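# Summary of structural features
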Amino acid sequence: MSDTGKVEPAMPKTARQLGIMQGFPPPPEKRPTLANWDLPPFNRWAFQNVRSLIPTVDVFRGFGPASTLDEAYEDLSNIRFQRENGTTVSIDRFLGESYGDAFLVMHRNRVVFERYLNGMAPETLHLSQSVAKSVVGLLTGIFVSDGTVDLDVPLADIVPELTQCGYADATLDQVLDMRSGVRFTEDYNLPGSDMTRIDIASGWRPHVASAPRPTIREVILSLPKHRPHGGAFEYRSIETDVVAWVLERAAGKSLAELVSQYLWQPIGADRDAYFTVDEAGTALADGGFNATLRDYARLGMLTLNNGRAGGQQVVPAAWINGIQTGDRDAFGDPYTSVLPGGAYRRFWWIRDADRGDICARGVFGQLIYADPASELLVVKLSTWPDYVIPSLTRDTFRAIDGVRSALSDR
């Protein structure tokens, strides 16, 4: 029972408690399929085992030692905060209630709290969903800085195939901020939507046996322009796949190779990561990235340390600073229901445009939150029972605010 006398909601069951993939062999009704693997209850198991279901490509960590994460552990589990419904809850209870799989807090460059749930372990690779977009955003900053790509050149100048679709005259800058004029319906699991077409193309959903499965890039080339480029922000996952295509063409290497060389090895990742790939071997740049909790933290620390890691400048500091400033006037409903003072910049969400705290976010509750002002980094990996739950997103930010407040005087 809560401190207000209300009965606490039941704690969600873990994958093991649900019997998913338990037994040798597991019973058919407990085995995820392409039709249901990312939906409840099967996502409780599948997000930690994606490569058992979908083809993948490694993001090599290199041969060097993993970078050290300094530790100064504190027990934050009993910190309490007020939820949207007015009740208060501890961090420990909230992590269980919110379908948490892993949670890590870094303060002043040290790990102060780390928790694994739902059978996840430090070595487990977890699907990040749209956190992958922010990985591509950091990579783009490196190539803009060294002149490999130009923010203001029409994309068809780099990838001539794009003359066939609405992206022909869009610029990299417009697409990075999801302000192109290309039509893309971001309706999850809705038959016939553009998002469902990408899921089918990427191998995340079954396709009709009588028709060939399209590739990710064939879906891109089918998308028309329906408004002028440079308008208001409109969240469309496909924009990241377009940028990845541009980077691959300009650099002459695959996305997995580029992330390995320019991000994963320089940050001293502890384990190889991986992307899911389509039948053409194209990585799903908008949501197919998988890594460990601590490696997500290593990536997030780039944003707190002005792009530096391991004594070197990995991402240009000017690019990191640019991520923290966005056009609030271009950011409207429904996005302001979760981030009322927010904006979107270079595939990162800005929670408060005045404060400059930023997030990499993915459906079903994936989050990297970085606040330079308080030297705070939070990573939360989850398996929510629905793609988007705005109240749970807001409560997650309330939990982070509670943690920040508790750490502020330490």
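It should be noted that the structure appears before, not after, this text.
Bear in mind the structure is a predicted one, so any value in this text is a computation, not a measurement. (Residues numbered from 1 in each chain as written. Predicted model: local features only at pLDDT ≥ 70, side-chain atom pairs only at ≥ 80, totals over all residues. Heavy atoms only, no water.)

## Description of the overall build of the chain
- Within the chain, the secondary structure is distributed over 12 helices and 15 strands.
- Its C-alpha radius of gyration of 21 Å places the chain within 12% of the 22 Å reference for a compact globule of 410 residues.
- Principal axes of the C-alpha set define a box for the chain whose edges measure 60 × 50 × 45 Å.
- Every one of the 410 residues in the chain was classed for burial, and the buried ones make up 58%.
- Across the chain, contacts joining residues at least 24 apart in sequence account for 67% of those joining residues at least 6 apart.
- Counting only carbon and sulfur atoms, one obtains 51% of the accessible surface of the chain, whose full area is about 15,800 Å².
- Averaging the locations of the 41 positively and 51 negatively charged side chains of the chain gives two centres separated by 4 Å. (Helix = DSSP H or I, 4+ residues; strand = E, 2+ residues; numbered from the N terminus. Rg over C-alpha atoms; globule rule 2.2 N^0.38 Å. Buried < 20%, exposed > 50% of the residue type's maximum accessible area, 1.4 Å probe, protein only. Contact = heavy atoms within 4.5 Å. Areas by Shrake-Rupley, 256 points an atom, 1.4 Å probe, with all protein chains shown as cover. Lys, Arg positive; Asp, Glu negative; His and termini not counted. Charge placed at Lys NZ, Arg CZ, Asp CG, Glu CD.)

## Some thoughts on the environment of V242
- Position of V242 among the secondary structure elements: in helix 8 (residues 238-251).
- Sequence separation of V242 and L155 is 87 residues, and the distance between their C-alpha atoms is 8.9 Å.
- In this structure, V242 is in contact with L155, L162, Y167 and I220, ignoring residues within four places of it in sequence.

## Describing the environment of D386
- Here D386 is to be found in the loop between strand 15 (376-382) and helix 12 (390-407).
- The class for D386 is partly exposed, based on a relative accessible area of 38%.
- Residues D386 and F364, spaced 22 residues apart in sequence, show a C-alpha to C-alpha distance of 6.0 Å.

## Details of the packing of helix 4 (residues 131-145) against helix 8
- Packing of helix 4 against helix 8 brings their axes to within 10 Å, and their N-to-C directions diverge by 35°. Between helix 4 and helix 8 the crossing geometry is left-handed. On helix 8, the residues touching K133, V136, L139, T140 and F143 of helix 4 are T240, V243, L247 and A251. (Axes fitted to C-alpha atoms, helices over the stretch in contact; angles between N-to-C directions. Left-handed = near helix turned anticlockwise from the far one by under 90°.)

## Side note on the sheet that holds strand 6 (residues 126-127)
- Overall, antiparallel pairing links the 4 strands, which are arranged 1-7-8-6 in an open sheet. Each of the sheet's edge strands pairs with one partner strand only, and the pair in question is strand 1 (56-59) and strand 6.
- The strands that helix 10 (residues 293-304) touches are strand 6 and strand 8 (289-291); relative to strand 8, the one it contacts most, it runs at about 110°. (Pairing = 2+ DSSP bridges.)

## Topic: the sheet that holds strand 11 (residues 343-345)
- Taken together, the 7 strands give an open sheet; going across it, the order is 5-4-15-14-13-12-11, and neighbouring strands pair in antiparallel fashion. Pairing within the sheet leaves two strands with one partner each, and these edge strands are strand 5 (110-116) and strand 11. Averaged over all neighbouring strand pairs, the angle between strand axes comes to 20°, with direction disregarded.
- Examined bridge by bridge, strand 4 (residues 100-107) and strand 15 share 7 bridges and lie antiparallel to one another. Within strand 15, the position partnered with V105 by the bridge is V378.
- Of the strands in this sheet, strand 11, strand 12 (348-352), strand 13 (357-362) and strand 14 (366-371) touch helix 4, which is tilted by about 125° from strand 13.
- The strands touched by helix 10 are strand 4, strand 5, strand 12, strand 13, strand 14 and strand 15; relative to strand 15, the strand with the most contacts, the crossing angle is about 145°.

## What to know about the pattern of salt bridges
- Counting across every chain of the model gives 30 salt bridges.
- Where R183 meets D194, a salt bridge forms, and the shortest distance between an N and an O atom there is 3.1 Å. Placement of R183 in the loop between helix 5 (172-176) and helix 6 (194-201) and of D194 in helix 6 is noted, with a sequence separation of 11 residues between them.
- The partner of R328 in a salt bridge is D352, and the shortest N-O contact between them spans 3.9 Å. Taken as a pair, R328 in the loop between helix 11 (317-323) and strand 11 and D352 in strand 12 lie far apart in primary sequence, 24 residues in all.
- Relative accessible area serves as the criterion here: at 35%, R328 is assigned to the partly exposed category.
- The class for D352 is partly exposed, based on a relative accessible area of 29%. (Salt bridge = Lys/Arg side-chain N within 4 Å of Asp/Glu carboxyl O.)

## Examining unusual backbone geometry
- The omega torsion across F24 and P25 is 5°, close enough to zero to call that bond cis.
- Here P25 is to be found in the loop between helix 1 (15-18) and helix 2 (43-46).
- Non-glycine residue R108 carries a positive phi angle of around 55°.
- The backbone of M178 sits at a positive phi, close to 50°, despite the residue not being glycine.
- By the element assignment, M178 lies in the loop between helix 5 and helix 6.
- The exposure class of M178 is buried, given its relative accessible area of 0%.

## Focus: the side chain of T282
- Its place among the elements puts T282 in the loop between strand 7 (273-276) and strand 8.
- The class for T282 is buried, based on a relative accessible area of 10%.

## Some remarks on the nonpolar core
- Membership of the largest hydrophobic core comes to 134 residues, with the highest contact counts inside it found for V105, L162, Y167, L263 and F289.
- Per-element tally for this core: the top contributor is helix 4, with 8 residues. (Core = buried A, V, L, I, M, F, W, Y, C linked by side-chain atoms within 4.5 Å.)

## Quick word on helix 6
- Within helix 6, 6 of the 8 residues are buried, which leaves the element mostly enclosed by the surrounding structure.
- Regarding helix 6, the residues found buried are D194, M195, T196, I198, D199 and A201.
- Check the buried side of helix 6 and you find it contacts helix 7 (216-220) and helix 8.
- G203 sits one or two residues past helix 6 and shows a positive phi near 90°.

What is shown is where atoms sit, not what they do.
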